[in-house]
Amino acid sequence: MKTLLILTILCGLFSCSGNANPPGDGKLPDKKTMSVIKKAEKVVYYELDPMSDESTKYQIDGVPTTGFSKELNKTEQDSLTLLLTENIKKVRKDGKGKFCPYAPQDAFLFIKGKDTVKLVVDFNCASYCIINDTLIYEYDFEKYYDNVSKVIKPIRKMNSFLSNSISDTDSTKNLLTDKMKQIIIETDSVICYLLDPLDKNSKDTLNGFCILERKCIDTELVDTLQNILLDKRMFVYSGIVKNCTFLCDMAFRLFSKGEYTDVLFAFYCDDCVVIHGNEHIKVDSGNFRKRILEVAKSAFPKDRYIRFMLNQ
C-alpha cells in the first residue's frame, strides 16, 4: 500500500508522530521536564524541513532542520512558556487518531545547564511533542489551534513568496496570468490527482510529488472547477504571511489544445500553487478549500482522506 495510506492508517491507530504509545503519551510531563521548561536559561527556535532527506543536516526528532535558528528574546520565551504551562492540561492527548502525515515545521530547545527539553510542533496534525531524553509527551491542540498559532507563528522567520513579490496595491488584482486564464476558460479535459508529498522514492510523480491515484473528471465537474478557479475573488493577494513547507495533497491538470496548467493544493496550510510552464503563482486557498474538496470527493467518493478533510 502506498505511503500516505499507510501513514493515514497508522495515524488513526497510533500517533501522528510515528511514536506508537511512547512512554509519556497522554500524561502530564514529569516535574524535572517542567522545571527545565519553566527555568530555561535560553530557548532556541529551529525551523524544520520535513521534506528534506539530507542526513547530514542537524535533526530534531528525526526531522532535518533548514539551517535557520534563533534564540528567543525574553518576551517570546515567556509567551511560549506560559502557553505550555497553562494549556498543558487542556491539550492532553485523547487517544483519537488523525488522518494526517507527520510533518512538523517548528522546534524549540529549552536549555537549562546540561539539561535540554525539546518541543516539536506539527500544525499539520495540530499536535506537539515535549521530549526529554527518552520520554515523549504528546498533545493535541486542535481545539486551541488559534492560541498556539498566535504564540508560535510570529517567532518564525517571516518570509513568503507573496510578500516579496506583490505590493499592497495588487490586493484586488487577479494574480492568474493571461495564459493561465485562457487555459482554464478553454479547458477540454481535467485529470484529478491524489498525491503523497512524503514519498520521495516513487517514479510516478506530478511536479515532484508521488501520485497515489488519478482520474479524468466528468464534464459537469470540469464546469464546476472552472467556475471556482475563474471566480474573481479567488486568486488575489491576501496579505497572509506563511512559512509552510508546501506538502501537496491534491492537484488538477487542466488541458486545452495540447497545453496544460497545473493547480496544486496543500490543505494543511491552505496553500494553492498554479503552474504554467515557467510561470507560477501562490495564494491562500482557505476561502475556496471546501468547494475544491467537494469536487475531489465527487471524483473520488470513497477516499477516506478527502472525507476527513471535508469534516475538519
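Scroll up a little and you will see the structure.
Described below are features of the structure shown in this document. Given the structure is predicted, the values throughout are model-derived calculations rather than measurements.

**Remarks on the pattern of salt bridges**
Per the stated rule, a full pass over the model turns up twelve salt bridges. With a closest N to O distance of 3.4 Å, Lys 70 and Glu 76 form a salt bridge. Among the residues examined, Lys 70 registers a relative accessible area of 26% and is labelled partly exposed. In this structure Glu 76 comes out as buried when scored by relative accessible area, which is 16%. Here Asp 204 makes a salt bridge to Arg 214, at a shortest N to O gap of 2.4 Å. Here Arg 214 lies in strand E10 (residues 209-216) and Asp 204 lies in the loop between strand E8 (189-196) and strand E9 (205-206), a separation of ten residues in the sequence. For Arg 214, a relative accessible area of 44% gives the class partly exposed.

**Topic: the nonpolar core**
Core analysis: the biggest nonpolar cluster contains 37 residues, and Phe 235, Met 250, Phe 252, Leu 254, Phe 265 and Ile 292 have the highest contact counts within it. Those residues in contact with Phe 235 that lie beyond four places of it in its chain are Lys 173, Asn 174, Leu 175, Leu 176, Leu 229, Cys 272, Val 274, Ile 281, Val 283 and Phe 288. Among the nonpolar cores identified, the runner-up in size contains 28 residues, and Phe 68, Leu 80, Phe 110 and Phe 141 belong to it.

**Points about the sheet that holds strand E11 (residues 250-256)**
Pairing is antiparallel across the open sheet formed by seven strands, whose spatial order is E9-E10-E8-E11-E12-E13-E14. Looking at which strands have only one partner, the edges of the open sheet turn out to be E9 and strand E14 (279-284). The pairing of strand E13 (residues 271-276) with E14 spans six bridges and is antiparallel. Looking at the pairing, Val 273 lines up with Lys 282 of E14. Each of E10, E11 and strand E12 (259-266) is contacted by helix H8 (residues 289-299), which is oriented at about 80° to E11, the strand it contacts most.

**Considering the sheet that holds strand E3 (residues 63-71)**
If you walk across this open sheet you meet the seven strands as E2-E3-E1-E4-E5-E6-E7, and the pairing is antiparallel. Two strands close off the open sheet at either side, each with one partner strand: strand E2 (59-60) and strand E7 (135-140).

**Structural notes on the packing of aromatic side chains**
Applying the stated criterion across every chain yields a total of 13 aromatic pairs. Their ring planes at 75° and their centres at 5.5 Å tell us that Phe 123 and Tyr 145 sit as a pair that is edge-to-face. Residue Phe 123 is located in the loop between strand E5 (115-122) and strand E6 (127-132), and its partner Tyr 145 is located in helix H4 (residues 145-152); the two are separated by 22 residues in the primary sequence. Taking relative accessible area as the criterion, Phe 123 reaches 6% and is therefore assigned buried. Looking at Tyr 145, the relative accessible area reads 24%, which means it is partly exposed. Taken together, Phe 123, Tyr 128, Tyr 139, Phe 141 and Tyr 145 form an aromatic cluster joined through their ring pairs. The ring centre of Phe 123 lies 4.7 Å from the NZ or CZ of Lys 153, which sits over that ring. Positioned over the ring face of Tyr 260 is Arg 253, at 3.9 Å from the centre of the ring.

**Details of the pairing of E3**
Sheet topology note: the strand E1 (residues 42-48)/E3 ladder contains four bridges and is antiparallel. Counted as the bridge partner of Leu 48 is Thr 65 from E3. Here E2 runs beside E3; their pairing, made up of two bridges, is antiparallel. Within E3, the position partnered with Gln 59 by the bridge is Pro 64. Linkage of E2 to E3, two consecutive antiparallel strands, is achieved through a turn of two residues, within which Asp 61 is found at a positive phi near 55°.

**A closer look at unusual backbone geometry**
The backbone of Asp 61 shows a phi angle near 55°, a positive value even though the residue is not glycine. Looking at the secondary structure, you find Asp 61 in the loop between E2 and E3. Taking the relative accessible area as the measure of exposure, Asp 61 reaches 25% and is therefore partly exposed. If you check the backbone angles, Lys 257 has positive phi at about 55° while not being a glycine.

Scoring rules and cut-offs
- Each chain carries its own residue numbering, running from 1 in the direction its sequence is written.
- For a predicted model such as this one, the threshold for reporting local features is a pLDDT of at least 70, and the threshold for listing and counting side-chain atom pairs is 80 or more; totals across whole chains, interfaces and linings nevertheless cover every residue.
- Side-chain measures here rest on the full set of heavy atoms in the structure, leaving out hydrogens and waters.
- Within this document, salt bridges are pairs made up of a side-chain nitrogen of Lys or Arg and a carboxyl oxygen of Asp or Glu, the two lying within 4 Å of each other.
- Only protein chains enter the calculation, and the probe is 1.4 Å; a residue is then buried if its accessible area is under 20% of its type maximum, exposed if over 50%, and partly exposed in between.
- Starting at the N terminus, helices and strands are each numbered in turn, a helix being any DSSP run of H or I of at least four residues and a strand any DSSP run of E of at least two.
- Joining through side-chain atoms within 4.5 Å is the link that ties buried Ala, Val, Leu, Ile, Met, Phe, Trp, Tyr and Cys residues into a set, and such a set is a nonpolar core.
- Note on definitions: a residue-residue contact is assigned when non-hydrogen atoms from the two residues lie within 4.5 Å.
- Paired strands are those between which DSSP finds at least two bridges.
- Axis definition: a line fit to C-alpha positions, over the contact stretch in the case of helices; interaxial angles, taken between N-to-C directions, run 0 to 180 degrees.
- Stacked, tilted and edge-to-face are the three classes applied to pairs of Phe, Tyr and Trp rings, where Trp contributes its six-membered ring and a pair requires centres within 6.5 Å; stacked means planes under 30 degrees apart, edge-to-face means over 60, and tilted covers the rest.
- Working rule: Lys NZ or Arg CZ, within 6 Å of ring centre, within 35 degrees of ring normal, means a charge sits over the ring.

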